[in-house]
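# Structural overview
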Amino acid sequence: MSSSLLAAYGRLIQARRDSGAAEETLWVATERDRARIVQSSPVRRLQQKTQVFALDVKASVRSRLTHSLEVQQAGRQLLRAIVDRQAWMQPLATPLQDLLEMACLLHDVGNPPFGHFGEAVCRHWLVSHLDELARQALPTPPSTQWPALRADLLAFDGNAQSLRLVHSLQQLDLTYSQLAALIKYPYPAGEGSKAGYFYSEAPLMARLQQALGLSDGVRHPLVYLMELADDISYCIADLEDAVDRRLLSQARLLAHLRDGECEPYLITLLTAAEQAPEGFFPAFRRRLTEELVALASEGFVQQQSRLLAGEAVAGLLRDSPAARVLARLKQVAREQVFSQREVEALELQGHAAIGGVLDHYACLLAMPAADFAALALGGQSAHPLALRLYHRLPPRHLAAYCRALVETAPDFALPAEREWYYRVRLIMDFVSGMTDTYVLEEYRLLRGI
């Protein structure tokens, strides 16, 4: 059994890269992935992106970066527990650990400023403006392909943006296995409520699936662990940050957790954590995480053959007291934290800033392709505002836009639709990549305030 499972892992854990670079050992390849990711600017920018609460001078609440580091640590614990249960996995332990930890570190890099609310703002803005902008910019009637391209553009998704960011924009040239471990939803944008990749990255997805033997809609097994590591981390952290910001007292939080039909296991956890010398949250987090890691590692091992065969599984946590506590923590966070006035005020600020910046840059999308191309020449222009906005676009993003226009894949029915599709991607790449402070500064600059 172990030999067949090792063979399956050998198919899914490879050193191959999309660039077809020189052959490397698996250990060297995953270590290089790790170095490229840790040293990348998208990871650095996470330190100025909101998790739930506004970033403050004390740096006491979590940013996207500190959250991602905690997810990385939870992923490490999960992988080590799985390897400890199966001695035959030891030769793969280091590459698997690198892949999972880096998937955890990258899992939020595609999220726009102001978190998931910012993601919703981007989608709403596109729904409100895309059709009119296309009407102004595209000179010919739409092709039969246009409805699919339109659906793809309207379905802005932070998960799909993560793949685009590390591959098409940053050109990190990560291994196929590292990219696959990042793709939480292996579905194209515009074809469902969740998306793992845009049409612009569809050729990459096809090459990745072929290299790793993954069928359409099939997740890489490490994705299940990355997703669970995220759940374990944020469900406790959001409540801890709420207490730190004094939106909830610890006593009130405990009352909410104990309210109703409280799980006896939760009562035991809360009582022990209250009495722990290390403090309530460190003790509570440690004990619950240890229990969840043990359950998840057991579940992974039990379903490992199915996961490696590409079968979908409902989750790694069977119905258990610890799993029910996890669900209870999420419920209390939704009811008592996310509706707090401070959180909603931050979201309103993000709505104004992101929407306002997109409103100003919309003039670059309303232009015919020839006028937009003329901006690159930097000479006299009939669009003085557009020229100045064009100069604010990052050179790396402009280079990605130019590369996309000369690539042969993916296929587009009309050259004009290809150009405009990637122009929309260019603006969304720019705005979604901003930090919270950057988008606020850009908004103030454009509004003259």
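Above this text you will find the structure in question.
All of these numbers come straight from a predicted model, not from anything done at the bench.

What counts and how
- Residues numbered from 1 in each chain as written.
- Predicted model: local features only at pLDDT ≥ 70, side-chain atom pairs only at ≥ 80, totals over all residues.
- Heavy atoms only, no water.
- Phe/Tyr/Trp six-rings, centres within 6.5 Å; stacked < 30°, edge-to-face > 60°.
- Helix = DSSP H or I, 4+ residues; strand = E, 2+ residues; numbered from the N terminus.
- Buried < 20%, exposed > 50% of the residue type's maximum accessible area, 1.4 Å probe, protein only.
- Lys NZ or Arg CZ within 6 Å of the ring centre and 35° of its normal.
- Contact = heavy atoms within 4.5 Å.
- Salt bridge = Lys/Arg side-chain N within 4 Å of Asp/Glu carboxyl O.
- Axes fitted to C-alpha atoms, helices over the stretch in contact; angles between N-to-C directions.
- Parallel < 35°, antiparallel > 145°, perpendicular 65-115°, else oblique.
- Left-handed = near helix turned anticlockwise from the far one by under 90°.
- Nonpolar A, V, L, I, M, F, W, Y, C, P; charged D, E, K, R; others polar.

### A few points about the packing of aromatic side chains
Under the criterion given, the structure shown has 14 aromatic pairs. Measuring from ring centre to ring centre gives 6.3 Å for Tyr199 and Tyr421, while their planes differ by 85°; the resulting arrangement is edge-to-face. Residue Tyr199 is located in the loop between α9 (176–182) and α10 (202–212), and its partner Tyr421 is located in helix α20 (residues 415–432); the two are separated by 222 residues in the primary sequence. Seen from their ring centres, Phe280 and Phe284 are 5.6 Å apart, and the 15° between their planes marks the pair as stacked. Residue Phe280 and its partner Phe284 are both found in helix α14 (residues 280–308); the two are separated by four residues, about one turn of the helix. On the basis of relative accessible area, Phe280 is assigned to the buried category, the value being 7%. Judged by relative accessible area, Phe284 falls into the buried class, the value being 3%. An aromatic cluster is defined as three or more aromatic residues linked by ring pairs; in this entry it consists of Tyr199, Phe412, Tyr421 and Tyr422. The ring centre of Tyr224 lies 4.9 Å from the NZ or CZ of Arg219, which sits over that ring. The ring of Phe198 has Arg425 sitting right over it, with the charged end atom 3.7 Å from the ring centre.

### Considerations on the environment of Val109
Tracing the backbone through its elements, the reader meets Val109 in the loop between α5 (93–106) and α6 (115–137). Contact partners of Val109, with chain neighbours within four places excluded, come to Pro42, Val43, Leu46, Lys49, Ser162, Leu165 and Val166.

### Regarding the pattern of salt bridges
Taken as a whole, this structure holds 25 salt bridges when the rule is applied. Note that Asp108 is salt-bridged to Arg64, the shortest N-O span being 2.5 Å. Linking Asp108 in the loop between α5 and α6 with Arg64 in helix α4 (residues 64–85), this pair joins segments that are 44 residues apart in sequence. Per residue, the accessibility class of Asp108 equals that of Arg64, and both read buried. With a closest N to O distance of 3.0 Å, Arg219 and Glu227 form a salt bridge. You can call Arg219 buried: its relative accessible area is 16%. Relative accessible area serves as the criterion here: at 22%, Glu227 is assigned to the partly exposed category. Several salt bridges converge on common partners, so that one network encompasses Arg17, Glu24, Arg32 and Asp33.

### Quick notes on the packing of helix α13 (residues 264–275) against α14
At their nearest, the axes of α13 and α14 sit 8 Å apart, and the two run at 140° to each other. Judged by the inter-axis angle, α13 sits oblique to α14. Considering how the two elements wind past one another, α13 and α14 form a crossing that is right-handed. Here α13 contributes Tyr265, Leu266, Leu269, Leu270, Ala272, Ala273 and Glu274 to the contact with α14, which in turn contributes Phe280, Ala283, Phe284, Arg287, Leu288 and Glu291. Along the lines of polarity and charge, the residues of the contact of α13 with α14 split into ten nonpolar, no polar and three charged.

### Let's talk about unusual backbone geometry
Residue Ala409 is joined to Pro410 through a cis peptide bond whose omega torsion reads 0°. On the secondary structure map, Pro410 appears in the loop between α19 (395–406) and α20. Even without glycine at this site, Asp173 takes up a positive phi of about 50°. In this fold, Asp173 is placed in the loop between α8 (158–169) and α9.

Limitation: the analysis is restricted to geometry and does not speak to function.
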